Amino acid sequence: MSVLKTALAAPSRMRGIFRYLLQAPKQCENRGKLTSLLSPDKLSEGRNKGAEHPMFDAALRESIKCGLLIEEKEDIAINFNLTEEARHPQTGDKLLPDTLAKLFFASDNEDEEDLGRLIAWYLAQDIYDAPGTWEEVEQRVAEQRVAESLDLKISSNSLFGQVADWMCYLGFAWGHALGANKIIVAEPTAYLRRNLKELFQGEVQAKLSIAEFVDRLAKKCPLFETGKFREQVEEKIGFRLPKHLSTSTAFALFRLQDDGCIQLIKESDADLFILPSGDKEAGFSHIIWTGIEL
């Protein structure tokens with residue numbers, strides 16, 4: 001099972017356990033005490049015996065399975081193999097979306113491949129005509145005939161809600177309510193903004209060719225262009241032309257430029273990448289990180 005198909009393993013529940021352990025002595029707690037603190041018996045009244053704490057148990061199980069937490073006899077602890085920053089009480093919670101993205105998608109985690117392919121598929125769609133509801137996703141998947149080949153089976157509105165929650169928490173989308181529906185816009189500005197410093201190795205005013213930027217981004221998060229999951233998707237849907245970025249990535253880069261976080265430039269005699277924007281296209285060769293972090 002994956003977090004995609006474990007409805008009770010919501011981002012907020014996994015985060016709640018992690019936040020508690022960040023501040024716990026030695027970042028470790030007895031499982032029974034952790035359960036009683038974060039899932040009091042009062043919340044479980046009326047449930048069948050043996051399933052007293054289903055929400056907590058599901059979130060804890062997925063947290064251990066992905067490598068965020070470890071279990072040692074009767075104790076639960078933050079995985080000491082995470083980076084020091086990811087485990088630090090002052091930075092761990094802020095970095096948790098990126099920690100989970102790495103554990104899910106860049107760590108050969110077979111359990112989360114279904115979520116990886118689905119988010120990569122979403123990011124590969126035309127952002128200006130992307131499906132935003134469960135019904136629209138089902139229709140688009142049927143039109144592209146990828147339900148079986150990519151295992152994109154969004155069989156219910158609740159499953160779509162799980163996808164939406166994870167995409168928004170990890171920074172690959174944002175959502176808003178429209179009547180009774182929740183509309184999702186696959187747009188990875190938040191993820192890119194958080195990771196610019198690492199992608200540019202902390203060098204303010206560093207300049208990367210877009211080819212190098214894309215390569216670094218794909219290695220860090222294989223949901224993006226040339227990454228493992230994106231290539232699996234594009235092999236089936238075949239949208240993107242060589243040296244073209246998807247509309248979702250281009251839109252995010254333009255937003256980051258508008259915010260002053262990066263500069264997109266075109267140098268003479270340099271290879272250009274095409275960034276589509278609506279019905280227009282613009283060519284750029286390099287990206288400069290300004291060091292501004294919003």
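Residues numbered from 1 in each chain as written. Predicted model: local features only at pLDDT ≥ 70, side-chain atom pairs only at ≥ 80, totals over all residues. Heavy atoms only, no water.

A word on the environment of Q205. With respect to the helices, strands and loops of the structure, Q205 is situated in the loop between α9 (189-199) and β6 (207-209). Q205 has contacts with I288, W289 and T290, leaving out every residue within four places of it along the chain. (Helix = DSSP H or I, 4+ residues; strand = E, 2+ residues; numbered from the N terminus. Contact = heavy atoms within 4.5 Å.)

Right, let's talk about the side chain of R140 for a bit. Summarising the element assignment, R140 is placed in helix α7 (residues 134-144). Residue R140 is classed as buried on the basis of its relative accessible area, which comes to 16%. Among the polar contacts listed, one links the side chain of R140 to the side chain of Q125, at a separation of 3.4 Å. Once residues within four sequence positions are removed from consideration, R140 is found in contact with W121, Q125, D129, A130 and P131. (Buried < 20%, exposed > 50% of the residue type's maximum accessible area, 1.4 Å probe, protein only. Polar contact = N/O pair within 3.5 Å; in protein donor to acceptor, adjacent residues only side chain to side chain.)

Ordered in space as β6-β10-β7, the three strands form an open sheet in which the pairing is antiparallel. Pairing within the sheet leaves two strands with one partner each, and these edge strands are β6 and β7 (262-265). Strand-to-strand twist in this sheet, taken as the mean axis angle between neighbours without regard to direction, amounts to 25 degrees. In this structure, β6 lies alongside strand β10 (residues 286-289), joined through three bridges in antiparallel fashion. Looking at the pairing, K207 lines up with I288 of β10. Sheet contacts for helix α10 (residues 210-220): β6 and β10; angle to β6, the most-contacted strand, approximately 90 degrees. (Pairing = 2+ DSSP bridges. Axes fitted to C-alpha atoms, helices over the stretch in contact; angles between N-to-C directions.)

A separate point is the confidence of the model for the protein. Confidence in the prediction of the protein, expressed as mean pLDDT, is 90, and 92% of residues score 70 or more. This model gives residues 46-51 a pLDDT under 50, and the stretch forms three contacts once residues within four places in sequence are excluded. (pLDDT = per-residue confidence, 0-100.)

On to the nonpolar core, then. Of all hydrophobic cores here, the largest spans 80 residues; its most connected members are F104, F105, W121, F172, L253 and L275. Element by element, the count of residues in this core is highest for helix α6 (residues 113-124), at eight residues. Contacts of F172, omitting those with residues within four sequence positions, involve F105, I119, L123, M167, V185, A186, E187, P188, Y191, C221, L223 and F224. (Core = buried A, V, L, I, M, F, W, Y, C linked by side-chain atoms within 4.5 Å.)

A few words on the pattern of salt bridges. Scanning the entire structure with this criterion turns up 21 salt bridges. With its nearest N and O atoms 3.7 Å apart, the salt bridge here joins D93 to R19. On the criterion of sequence distance, the pair formed by D93 in helix α5 (residues 92-105) and R19 in helix α1 (residues 11-23) is long-range, its members being 74 residues apart. Under the relative-accessibility criterion, R19 is labelled partly exposed at 43%. Of the charged contacts in the structure, one is a salt bridge between E234 and R240, with a shortest N-O distance of 2.9 Å. Taking relative accessible area as the criterion, E234 reaches 16% and is therefore assigned buried. The class of R240 is partly exposed, set by a relative accessible area of 25%. A cluster of three or more residues bridged by salt bridges with shared partners is formed by E225, R230, E234 and R240. (Salt bridge = Lys/Arg side-chain N within 4 Å of Asp/Glu carboxyl O.)

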